[in-house]
Structures are given as structure tokens and as C-alpha cells.
Amino acid sequence: GAGVSQSPSNKVTEKGKDVELRCDPISGHTALYWYRQSLGQGLEFLIYFQGNSAPDKSGLPSDRFSAERTGGSVSTLTIQRTQQEDSAVYLCASSRVLTSSYEQYFGPGTRLTVT
Amino acid sequence: AQSVAQPEDQVKVAEGNPLTVKCTYSVSGNPYLFWYVQYPNRGLQFLLKYITGDNLVKGSYGFEAEFNKSQTSFHLKKPSALVSDSALYFCAVRDIGFGGGYNKLIFGAGTRLAVHP
């Protein structure tokens, strides 16, 4: 079946501009996660959506970052007034929740470069 | 707070030799542990997990990991390394968070495995 897809695969933007990153989770997966991977760094949790529950936004680094998930499926991560330190690979993952699986399935990521 | 540590930034092994990538964890309660692999310019791929049961867990591509509760470790192993195993490996633990359905993962910093011919 189809895996997690993300678009665009690469995005170059000028400092100060807004960007939107999109994630399409695996069909039937109710949980969706955004992570950030900076050069040479591990994965930094950003935000977690689970069904209709309030999202866990505890990992968002500033109020310039926001995310939404429409219809329990597609998610958009928005970064306003981008800064150079926002340059990273943004990874989306999805998982089933009400099973004993727990593993997350990752998309290929969006590489964001802020110039 | 839950955490994982990967003490080695890089591991180098010769093809055909056994490999070990180390991971230690700190959790309250029973740990749910995972290994993921990231090939260049790719997303993360799930390798294996420990939830409960047998301490030796077998996963994809011939990898296995041993859960050791007394040493709070979950080292990744493979009996015979291949050049194609060269990649970035991440250990992760499930965060307890709130509610039984909470599945946020906390990742280690990653270990780069280099297998040379």
C-alpha cells in the first residue's frame, strides 16, 4: 500500500517568507507526527495529532510554527517569517494507535533551506 | 523523563564482521523500544521493536536487538555486516505522555554505521 507522502521534497525560501509543508499519512492511521532533523542532529519532536483530541504542540520551537490536520487525514505544517535556523529536514510520520504495534511510519521528508 | 542515549557517533566495521550499535535508555515503567534506520536522502525505516516478551528481538535485514533490563540497554546487532548496511541508525523509546494511546517517540542522536569492504 501507499506509504506516508510529503510535499514538496525540497523547498528553498528567502528569510522572512512563510512556508507550508504537507503530509499525507497512511490511510487508516489516526496518529500523525511532525519531527525536525537538523544537519548532524537527531530527530526533534514538533507536534502530534491523534484523532479528534487536542494536538500535543509541546515540541513547537516558537509561535512562528503551527500545524493543522484537516478531516483527520492530511496535515500542513506552517512556518511563518522563516529564519535561517529553520533550515532542516521536516519529517512526518503516522501510526495506528489502538493496536499493539506502536511503530511509526515515516515519509521521505521535506528539505527546507532558508537563504 | 524518558530518554535514550547512543554513546557512539560513529561505528566502523569491516564487511563480514559482526556489528553492534549501542543504545541505553531511561524510562519510568516498562520501556517500549525501537530501532530505525535512515539511508541517505530517505526517511526513517522501522527495523524492530521491543514491547514485551523475548529479550532477543529479530527485525528486518537480518538485524536483531537484545533488551537488557538490568543494564537498561537495547543494543542493535547483526552477525555479519554488509556494505549496504551503512546508514544512520536511531534508537527510540515511546514516551508515556498522557493516555494509553500516546505514541510519541523520543529518539537518540543517531549513530552512523560505516561498513567497509
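Procedures and definitions
Residues numbered from 1 in each chain as written. Chains lettered and ligands numbered in written order. Predicted model: local features only at pLDDT ≥ 70, side-chain atom pairs only at ≥ 80, totals over all residues. Heavy atoms only, no water. Buried < 20%, exposed > 50% of the residue type's maximum accessible area, 1.4 Å probe, protein only. Helix = DSSP H or I, 4+ residues; strand = E, 2+ residues; numbered from the N terminus. Pairing = 2+ DSSP bridges. Phe/Tyr/Trp six-rings, centres within 6.5 Å; stacked < 30°, edge-to-face > 60°. Contact = heavy atoms within 4.5 Å. Buried area = accessible area lost by both parts, 1.4 Å probe. Salt bridge = Lys/Arg side-chain N within 4 Å of Asp/Glu carboxyl O. Polar contact = N/O pair within 3.5 Å; in protein donor to acceptor, adjacent residues only side chain to side chain. Nonpolar A, V, L, I, M, F, W, Y, C, P; charged D, E, K, R; others polar. Axes fitted to C-alpha atoms, helices over the stretch in contact; angles between N-to-C directions.

**Comments concerning the pairing of strand S7 (residues 75-79) of chain A**
Residue and element names in this part refer to chain A.
For step 1, the next point in the chain: Across the 5 residues of S7, 5 count as buried, placing the element largely inside the fold.
For step 2, the next point in the chain: Side chains of S7 alternate between two faces, with Ser 75, Leu 77 and Ile 79 and Thr 76 and Thr 78 buried alike.
For step 3, the next point in the chain: Of the pairings in the sheet, the one linking strand S6 (residues 65-69) to S7 comprises 5 bridges and is antiparallel in character. Across the sheet, the residue bridging to Glu 68 is Thr 76, located in S7.
For step 4, the next point in the chain: Taking the residues that link successive antiparallel strands as the turn, the S6-S7 hairpin has 5 residues, and the phi of Gly 71 there is positive, at about 60°.

**Some words on the packing of aromatic side chains**
For step 1, the next point in the chain: Following the criterion strictly, the structure yields 14 aromatic pairs over all chains and no others.
For step 2, the next point in the chain: Taking the centre distance of 4.9 Å and the plane angle of 20° together, the rings of Tyr33(A) and Tyr48(A) count as stacked. In this pair, Tyr33(A) sits in strand S4 (residues 31-37) while Tyr48(A) sits in strand S5 (residues 43-50), placing the two residues 15 residues apart along the sequence.
For step 3, the next point in the chain: Relative accessible area serves as the criterion here: at 0%, Tyr33(A) is assigned to the buried category.
For step 4, the next point in the chain: Between Tyr50(B) and Phe67(B) the ring centres are 4.1 Å apart and the planes differ by 15°, which places this aromatic pair in the stacked class. Here Phe67(B) lies in strand S8 (residues 64-68) and Tyr50(B) lies in strand S6 (residues 44-50), a separation of 17 residues in the sequence.
For step 5, the next point in the chain: Taking the relative accessible area as the measure of exposure, Tyr50(B) reaches 7% and is therefore buried.
For step 6, the next point in the chain: Accessibility expressed as a relative area gives 6% for Phe67(B), which makes it buried.
For step 7, the next point in the chain: Ring-pair connections join several aromatic residues into one group, and the members of that group are Tyr33(A), Tyr35(A), Phe45(A), Tyr48(A), Phe106(A), Tyr36(B), Phe46(B), Phe90(B) and Phe107(B).

**As for the interface of chain A and chain B**
For step 1, the next point in the chain: Each partner contributes residues to the interface: chain A has 23 residues there, and chain B has 23 residues.
For step 2, the next point in the chain: Of the roughly 1,700 Å² buried between chain A and chain B on both sides combined, carbon and sulfur atoms contribute 57%.
For step 3, the next point in the chain: On inspection of chain A and its partner chain B, the count reaches 1 salt bridge.
For step 4, the next point in the chain: Our enumeration of links across chain A and chain B arrives at 4 residue pairs in polar contact (both at pLDDT 80 or more).
For step 5, the next point in the chain: Residue assignment for the side of chain A that touches chain B shows that the elements contributing at least two residues are S4, S5 and strand S8 (88-95) of chain A.
For step 6, the next point in the chain: Considered class by class, the residues forming the side of chain A that touches chain B number 10 nonpolar, 9 polar and 4 charged.

**Here we look at the sheet that holds strand S3 (residues 19-24) of chain A**
Residue and element names in this part refer to chain A.
For step 1, the next point in the chain: A sheet is described by the order of its strands in space; here 4 strands give the open sequence S1-S3-S7-S6, paired in antiparallel fashion. Edge positions in the sheet fall to strand S1 (5-7) and S6, since each has one partner strand and no second. Adjacent strand axes in the sheet meet at a mean angle of 15°, parallel and antiparallel pairs treated alike.

Treat this as a map of the structure, not an account of what it does.
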